[in-house]
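Spelled out, the chains give:
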Amino acid sequence: PGTERPQGRVVDDEEGGLLFLFGSHHSSSARHGYASIEKQRQRLPVSKYRTAILYLVETHATTIIVGETGSGKTTQIPQYLKEAGWATGGRLIACTQPRRLAVQAVASRVAEEMGVKLGEEVGYTIRFEDVTKPDVTVLKFLTDGVLLREMMDDPLLTKYSVIMVDEAHERSISTDILLGLLKKIQRRRPELRLIISSATIEAKSMSDFFRMRKKRREIENKDHGPQVEPAILSVEGRGFNVQINYAEEPVQDYVQAAVSTTLLIHEREPAGDVLVFLTGQDDIDAAVQLLTDQVQTTGKHSSGLIVLPLYSGLPRADQELVFSQAPRGKRKVVISTNIAETSLTLEGIVYVVDSGFSKQRFYNPISDIENLVVAPISRASARQRAGRAGRVRPGKCYRLYTEEYFLNHMPNAGIPEIQRSNMVSCVIQLKALGIDNILGFDWPASPSAEAMIRALEVLYSLGILDDDAKLTSPTGFQVAEIPLDPMVSKMIIASSQLGCSEEIITIAAVLSVQSIWISGRGIQKESDEAKLRFAAAEGDHVTFLNVYKGFHQSGKSSQWCHKNYVNYHAMRKVLEVREQLKRIAKRIGLVLKSCESDMQLVRKAVIAGFFANACHLEAYSHDGMYKTLRGSQEVYIHPSSVLFRVNPKWVIYHSLVSTDRQYMRNVLTIDPSCLLDVAPHFYKLQQSNHLLF
Ligand code: ADP
Ligand code: MG
């Protein structure tokens, strides 16, 4: 095993670490007093830099802060700013995160540290959930996507005195767009302060990005305004040594390998919690199940394990469990997506198991297909993951890949998401903000011209942009107002014209949650049978309407959900999202109307948004192979669809997931003539494209 020290210097005050571990964190107010939280705050690495941070923010337009995960950037810096008076006179301090779950978790932690109720002085906003109070909330945590949306009403974000763009190293697409726009805002609002914080050193390129041109600098310095050169501050972390262990041979099944490794750690290693990095809900649920089964069958020596999943979309109560301390004598195992890589810090982790993979977005502008793919992580990510083991004392990291692979094949750093995403939403948002020259926009990393052109073409065919590439009125502007994928928004707008908006809004709400079904090993048969009770010949979208109806008629009962293998938590979320969408629809002047049972109209509305995702069954395919009309990509119906094995001739899909094959999730049968009715220009264009090739 090689030894790597991912986190700064070695601090060998093990006792301090242990005290920290057993110190208060979650719901500590009951067991520990306020003082103990105060002590914890003082112990965080950033607290030594409090004065420096405040000085830099005071004197510089932009401050870049780099510090190891867990050093206190997210939870402390906003509090320092508030204490220093940046939130007086009706001004707010914003702190953005790429991930929703992180927004909720840090906001509730900060509220707890400040001894206030979440939603009062400290609040958060994520899509479809606003836990803030006007005139009361001064510290606001939000996703970078939500802050982008706020710019549509308040382009200069005037209510904020300081905006902290956190987790900038993740380079999420919204972070990059936000950084580009904030740079523009700064020119108009020299009093605005930006803090860019990140876990890894990429400070130089960020700093170059925010450095203003010389002329501007001279003008500003004459006015005695803040320094326009960005300041960079590096917060020294308090990490312990982490011993790295590699797999001796390539691992075939990383879920199984992660499970066996965890059991080995439990058997052989002294106390300390385990953090396992897998990729998404599916493999995490599978691993949780496998571990739980193991614990039950092998009995005694495994009984000290508490296995917990961590991914976005997890119910609130389960999220909180992850942060709570395992009872004495028990070992906590958290199986997580890469959300625990830098966004969230879990105390007490001593062992890390790294699968070497994460789910990443990939977009191919040629086929116009965007996919969430399980793909290898970068070496930078692998180091971050290992670092999680050294928070409280020296730890160990088990990499489920070989050292040779790590050294010679793993990519050094990830590619910014903006360079591997579909640009459709991004283009609409910039257009809605009045930024017309999108190719000339000042990006921290430029998206590809192909992706841009594809986006313009799709938006044009959806009737969202006109010939001059301006938002159409009203459709384009309405689409921009709906915080959903433009294709979904277009479907909603079409449904208002067709008279089936009640139904389509329900469908859109269901599509916005991960899955309304309960699935899992061991209950597959039962859940499939339950699904059949609701299955509609038209496909998944109409099936969702049946489920929603049943749920509604049952009086929104959790027993009903349980009996039908429907996820109650997801259905509550559907109700919430639905209400919000109705509110938005009313605001932008859409007509709310039910088509009763005319599913033909529902189908038309779906096609109006998703015609670009049309596929036909290959005539001689025995295994249900479809080809996309656009790009002729091979795709298959996902086993979770009610149309799996039914294989109708023509379908459109909502999204693709790729594992061994490309699978269509949420599929609807269509009549191909409908495609020409709804999008004649699009399919004509495709034909001429085909001729060209
Ligand atoms: P950074 O942003 O630099 O990664 P944070 O400010 O998120 O660091 O975390 C600082 C400390 O606060 C960590 O030691 C972590 O354990 C603690 N902490 C943060 N969020 C929570 C939470 N939701 N529950 C319990 N402890 C938390
Ligand atoms: Mg953080």
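Residues numbered from 1 in each chain as written. Chains lettered and ligands numbered in written order. Predicted model: local features only at pLDDT ≥ 70, side-chain atom pairs only at ≥ 80, totals over all residues.

As annotated in an unreviewed UniProt entry, the protein carries the name RNA helicase and is attributed to Vigna radiata var. radiata. Comment text from UniProt for the protein, heading Catalytic activity (unreviewed entry), reads "ATP + H2O = ADP + phosphate + H(+)". (UniProt positions renumbered as here; feature names shortened; annotations may be inferred.)

A. Structural detail: the overall build of the protein. Scanning the protein for helices and strands turns up 28 helices and 22 strands. A compact globule built from 693 residues should have a C-alpha radius of gyration of about 26 Å, and the protein, at 26 Å, falls within 12% of that. Taken along the three principal axes of its C-alpha coordinates, the protein extends 75 × 70 × 55 Å. Per-residue burial for the protein yields a buried fraction of 47% across its 693 residues. In the protein, 72% of the contacts between residues at least 6 apart in sequence involve partners at least 24 apart. (Helix = DSSP H or I, 4+ residues; strand = E, 2+ residues; numbered from the N terminus. Rg over C-alpha atoms; globule rule 2.2 N^0.38 Å. Buried ≥ 20, exposed ≤ 12 C-beta atoms within 10 Å, placed from the backbone. Contact = placed C-beta atoms within 7 Å.)

B. Quick look at the nonpolar core. Among the nonpolar cores identified, the biggest contains 188 residues, and I93, V276, M491, A508 and I652 are the most heavily contacted of them. Top element by residues in this core is helix α6 (residues 100–114). It accounts for eight residues. In this structure, M491 is in contact with I504, A508, A605, V606, A608, G609 and F610, ignoring residues within four places of it in sequence. (Core = buried A, V, L, I, M, F, W, Y, C linked by C-beta atoms within 7 Å.)

C. Fine view of the sheet that holds strand β8 (residues 193–198). Read across the sheet, eight strands follow the order β5-β4-β6-β3-β7-β8-β2-β9 without closing on themselves; strand pairing throughout is mixed. Since the sheet does not close on itself, it has two edges, and those belong to β5 (129–131) and β9 (231–235), each with one partner. Neighbour-to-neighbour, the strand axes of this sheet turn through a mean angle of 20 degrees, independent of strand direction. Across four bridges, strand β4 (residues 122–126) lies against strand β6 (residues 139–143) in parallel orientation. Residue pairing in the sheet places T125 in a bridge with L142 of β6. The sheet contacts of helix α4 (residues 50–59) involve β2 (62–67), β7 (160–165), β8 and β9, and relative to β9 the element is tilted by about 165 degrees. (Pairing = 2+ DSSP bridges. Axes fitted to C-alpha atoms, helices over the stretch in contact; angles between N-to-C directions.)

D. Quick look at the environment of A105. You can see A105 is positioned in helix α6. In the structure, A105 is positioned 218 residues away from F323 in sequence and 9.3 Å away in space, judged by C-alpha atoms. Excluding residues that lie within four positions of it along the chain, A105 makes contacts with Q319 and L344.

E. Broad picture of the packing of helix α20 (residues 486–498) against helix α21 (residues 501–512). For the pair α20 and α21, interaxial distance at closest approach is 8 Å and the crossing angle is 165 degrees. Between α20 and α21, the interaxial angle falls into the category roughly antiparallel. The two elements α20 and α21 meet at a crossing, and its hand is left-handed. Between α20 and α21, the residues in contact are V488, M491, I492, S495 and S496 and S501, I504, I505, A508 and L511, respectively. When the residues that make up the contact of α20 with α21 are grouped by side-chain class, the tally is seven nonpolar, three polar and no charged. (Parallel < 35°, antiparallel > 145°, perpendicular 65-115°, else oblique. Left-handed = near helix turned anticlockwise from the far one by under 90°. Nonpolar A, V, L, I, M, F, W, Y, C, P; charged D, E, K, R; others polar.)

F. Expanded view of the environment of W517. Note that W517 resides in the loop between α21 and α22 (524–534). Judged by local crowding, W517 falls into the partly exposed class, with 18 C-beta atoms found within 10 Å. Expressed as a C-alpha distance, the spacing of W517 and M571, which sit 54 residues apart in the sequence, is 9.5 Å. If we skip the residues at most four places from it in the chain, W517 touches S527, K531, Y565, V566, N567 and S640.

G. View of α6. Here α6 is 15 residues long and its end C-alpha atoms lie 21 Å apart, about the 21 Å a rise of 1.5 Å per residue gives. Most of α6 is tucked away, with 13 of its 15 residues classed as buried. G115, located one to two residues past α6, shows a positive phi value of around 70 degrees. (Expected span 1.5 Å × (residues − 1).)

H. Spotlight on unusual backbone geometry. S473 connects to P474 through a cis peptide bond whose omega is 0 degrees. Position of P474 relative to the elements: it lies in the loop between α18 (449–461) and α19 (475–481). Positive phi is not limited to glycine here, since K556 has a value of about 55 degrees. Here K556 is to be found in the loop between α23 (540–553) and α24 (558–563). Positive phi, normally seen in glycine, also occurs at Y565, with a value near 55 degrees.

I. Region of the structure containing the pairing of β4. Within β4, five of the five residues are buried, leaving the element largely enclosed by the surrounding structure. Going residue by residue along β4, you find V122, Y124 and I126 tucked away on one face and G123 and T125 tucked away on the opposite face as well. Relative to β5, β4 is paired through three bridges, and the arrangement is antiparallel. By the bridge assignment for β5, T125 is matched with D130. Connecting β4 to the antiparallel partner β5 that follows it, the hairpin turn spans two residues, and F128 within it adopts a positive phi of roughly 70 degrees.

J. Main features of the packing of α4 against helix α5 (residues 73–83). At a closest axis distance of 10 Å, the pairing of α4 and α5 adopts a crossing angle of 65 degrees. As α4 packs across α5, the resulting crossing turns out to be right-handed. From α4, R50, I53, L54 and V57 reach across to α5, where they touch I77, Y80 and L81.

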